[in-house]
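Listed below are the residues making up each chain.
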Amino acid sequence: LFLDTTDEAIKAAANVFLRRRLEEGGRSFLFLAVDDIDASMEEKMNEAKSYNQFTTVLVGNGAKVAGRDLKGPLIAARIAGMSTSSSYKTGLTAKVIAGSVEVIGEPTNSEYTDAVNNGLMMLSYNADGMVQIDSGINTLVSLGEDEDAGWKKVRRVKIRYYLIEQILRRQEVIMRAGVDNTQDTRDFLCQTGNSVIEQMKREGSLEKGRMIEDPNRPAQGDSAWFIFEDIGDVDQLEKAYNTAEFQY
């Protein structure tokens, strides 16, 4: 979802809507941009922190392309398209804004660091002078008790969404046939889920993990409960630290 407005009340309502939709089983993203690119970094970061959701991305500056400035809803829409049109395991960090020639509202180096720490996505120049997404983050800053830092990255949220969606779709196909709630059926559902996990391992998006019956909630009646155990999703390599030891 992205909006044709930067009205903060509407953006806040959309953020709440996406969170409610997530709690009801809908896995979505909301791409937003700040109203005023020239506002202080503190104001922009405060807006990002007010959303504090892995479903929501806030872009804090913009880019010039031929004949148009991409800012506000336009830059939000562009980045939404870049994210959703790419592979489920493709992140946004260092992705170039096609056709762009200049960053609008370029912050200082220290402000880029502050932006990352406060859930504000910014555009920067890469080593070749092209406009890129500095860090593929969302607005999640303060983690909930059931969240880890992986939820702060757009790439890792996409991987986790994909895992859940693929398994749920396969489960639905199996249950639609009218199977019994027996140990054999539940074992088959686990095998189906684990086949998705193994495929994602081969594709390089997961390192480990499996799907099992929830040991704390035994199947009963028409219901069965399953959990993902020890899932390890793979992040993008974004930083390399080199130490050189010279001798004379």
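See the structure printed just above.
In short, a report on the structure. (Residues numbered from 1 in each chain as written. Predicted model: local features only at pLDDT ≥ 70, side-chain atom pairs only at ≥ 80, totals over all residues. Heavy atoms only, no water.)

When the terminal C-alpha atoms of helix 6 (residues 183-202) are compared, their 28 Å separation across 20 residues agrees well with the 28 Å that a helix rising 1.5 Å per residue should span. All of the buried residues in helix 6 are Thr 185, Arg 186, Leu 189, Cys 190, Thr 192, Gly 193, Val 196, Ile 197 and Met 200. For helix 6, the buried positions fall inside an angular range of 155 degrees around the axis, keeping them on one side. In helix 6, the exposed residues that point more than 90 degrees away from the buried face are Asp 184, Gln 191 and Arg 202. Looking at the buried positions of helix 6, the neighbouring elements they touch are helix 5 (154-176), strand 8 (206-213) and strand 9 (226-233). (Helix = DSSP H or I, 4+ residues; strand = E, 2+ residues; numbered from the N terminus. Expected span 1.5 Å × (residues − 1). Buried < 20%, exposed > 50% of the residue type's maximum accessible area, 1.4 Å probe, protein only. Arc of directions from axis to C-beta. Contact = heavy atoms within 4.5 Å.)

Below, the discussion takes up the side chain of Asn 126. One can find Asn 126 in the loop between strand 6 (123-125) and strand 7 (131-133). Relative accessible area serves as the criterion here: at 18%, Asn 126 is assigned to the buried category. From its side chain, Asn 126 meets the backbone nitrogen of Asp 128 in a polar contact 2.9 Å long. Ignoring anything within four residues of it in the chain, the contact list for Asn 126 reads Val 96 and Gln 132. (Polar contact = N/O pair within 3.5 Å; in protein donor to acceptor, adjacent residues only side chain to side chain.)

What follows covers the pattern of salt bridges. Within the structure shown, the criterion is met by 16 salt bridges. With its nearest N and O atoms 2.6 Å apart, the salt bridge here joins Glu 229 to Arg 210. Here Arg 210 lies in strand 8 and Glu 229 lies in strand 9, a separation of 19 residues in the sequence. Using a relative accessible area of 31% as the deciding quantity, one classes Glu 229 as partly exposed. (Salt bridge = Lys/Arg side-chain N within 4 Å of Asp/Glu carboxyl O.)

Here helix 5 crosses helix 6 at 145 degrees, and the two axes come no closer than 10 Å. Helix 6 is crossed by helix 5, and the crossing has right-handed handedness. Contact residues: helix 5 offers Ile 159, Tyr 162, Leu 163, Gln 166, Ile 167, Arg 170, Gln 171 and Ile 174, while helix 6 offers Phe 188, Leu 189, Thr 192, Gly 193, Val 196, Ile 197 and Met 200. A class-by-class count of the residues in the contact of helix 5 with helix 6 yields ten nonpolar, four polar and one charged. (Axes fitted to C-alpha atoms, helices over the stretch in contact; angles between N-to-C directions. Left-handed = near helix turned anticlockwise from the far one by under 90°. Nonpolar A, V, L, I, M, F, W, Y, C, P; charged D, E, K, R; others polar.)

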